[in-house]
Amino acid sequence: GAACSLLGIYSYQRWLKNWTYRGLLLMTNLVYSCLCIIDLIMYKRLNVRWGIPDHAFVLSTGSMETIVQYWWWMPAVVILSQLCPRGMEATMYALLAGCSNLGSSINAN
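A brief structural summary. If you're wondering where the values come from, they're calculated on a predicted model, not measured in any experiment.

### Regarding the pattern of salt bridges
So, point 1. Applying the stated criterion across every chain yields a total of 1 salt bridge.
So, point 2. Among the ionic pairs, Arg45 bridges to Asp54, the shortest N-O distance being 2.7 Å.

### Brief notes about the packing of helix H4 (residues 54-83) against helix H5 (residues 89-108)
So, point 1. At their nearest, the axes of H4 and H5 sit 9 Å apart, and the two run at 145 degrees to each other. Considering the relative orientation of H4 and H5, their crossing is right-handed. Between H4 and H5, the residues in contact are Trp73, Val77, Leu80 and Ser81 and Glu89, Met92, Tyr93, Leu96, Ala97 and Ser100, respectively.
So, point 2. Grouping the amino acids of the contact of H4 with H5 by side-chain chemistry returns 7 nonpolar, 2 polar and 1 charged.

### Let's talk about the side chain of Thr28
So, point 1. With respect to the helices and strands, Thr28 occurs in helix H2 (residues 21-43).
So, point 2. Among all residues touching Thr28, those that are not within four sequence positions of it are Val68, Trp71 and Trp72.

### Here we look at the state of the cysteines
So, point 1. One pass over the full model with this rule turns up 0 disulfides.
So, point 2. With no disulfide partner, Cys4 has as its closest neighbouring cysteine sulfur the one in Cys36, 15 Å distant.
So, point 3. Accessibility expressed as a relative area gives 15% for Cys4, which makes it buried.
So, point 4. Of the cysteine sulfurs around Cys34, a residue in no disulfide, the closest is that of Cys36, at 9.4 Å.

### So, the packing of helix H1 (residues 2-16) against H4
So, point 1. At a closest axis distance of 8 Å, the pairing of H1 and H4 adopts a crossing angle of 55 degrees. Viewed along their axes, H1 and H4 adopt a mutual orientation that is oblique. Pair H1 / H4 crosses with right-handed handedness. Along the contact surface, H1 presents Cys4, Ser5, Leu7, Gly8, Ile9, Ser11, Tyr12, Gln13 and Leu16, while H4 presents Ser63, Thr66, Ile67, Tyr70, Trp71, Met74, Pro75 and Val78.
So, point 2. Of the residues that constitute the contact of H1 with H4, the class distribution is 11 nonpolar, 6 polar and no charged.

### Quick notes on unusual backbone geometry
So, point 1. In this structure, Arg45 is a non-glycine residue whose phi angle is positive, near 65 degrees.
So, point 2. Look at Arg45 and you get partly exposed, because its relative accessible area is 40%.

Conventions and cut-offs
Think of each chain on its own: its residues are numbered from 1, step by step along the sequence as written. Where totals are concerned, whole chains, interfaces and linings use all residues; where local detail is concerned, this predicted model gives features only for residues with pLDDT of at least 70, and gives and counts side-chain atom pairs only at 80 or more. Excluding hydrogens and water, the side-chain values take into account all heavy atoms of the structure. Criterion for a salt bridge: a side-chain nitrogen of Lys or Arg within 4 Å of a carboxyl oxygen of Asp or Glu. Whenever a helix is involved, its axis is fitted only over the stretch in contact; in every case the axis is a line through C-alpha atoms, and angles between N-to-C directions fall within 0 to 180 degrees. Starting at the N terminus, helices and strands are each numbered in turn, a helix being any DSSP run of H or I of at least four residues and a strand any DSSP run of E of at least two. Working rule for handedness: look at the near helix, and if it is turned counterclockwise from the far one by less than a right angle, call the crossing left-handed; if clockwise, right-handed. Contacts are assigned to residue pairs that have any heavy atoms within 4.5 Å of one another. Note on residue classes: Ala, Val, Leu, Ile, Met, Phe, Trp, Tyr, Cys and Pro are nonpolar, Asp, Glu, Lys and Arg are charged, and everything else, Gly too, is polar. The term disulfide is used for any two cysteine sulfur atoms that are within 2.5 Å. Residue burial is assigned from relative accessible area. The probe radius is 1.4 Å, only protein chains are included, and a residue is buried under 20% of its type maximum, exposed over 50%, and partly exposed in between. Angles below 35 degrees are treated as roughly parallel, those above 145 as roughly antiparallel, those between 65 and 115 as roughly perpendicular, and all remaining angles as oblique.

Dropping the structure here:
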């Protein structure tokens, strides 16, 4: 989880930071939707027929979903930091991260 999060943030900074917000949000939503649809392969057990074990399939798709989620999340952080008053960027980031973590915790239970 944490390694994929760092990879998502790194890849955003390396290749995606100059994209427009609209293009990035469109691309991340489309890619994430495709990754979620790929779960149907596991539900239909096609991955086993293709010789891909369940553990490897879930790990790879789950990792990619985490990376793409961070691609989606980073522009929101950047936009929020530009909208908040000067000097409050760290506070707003902490608030956003806290709300995101709370939502993830509630979702997991």
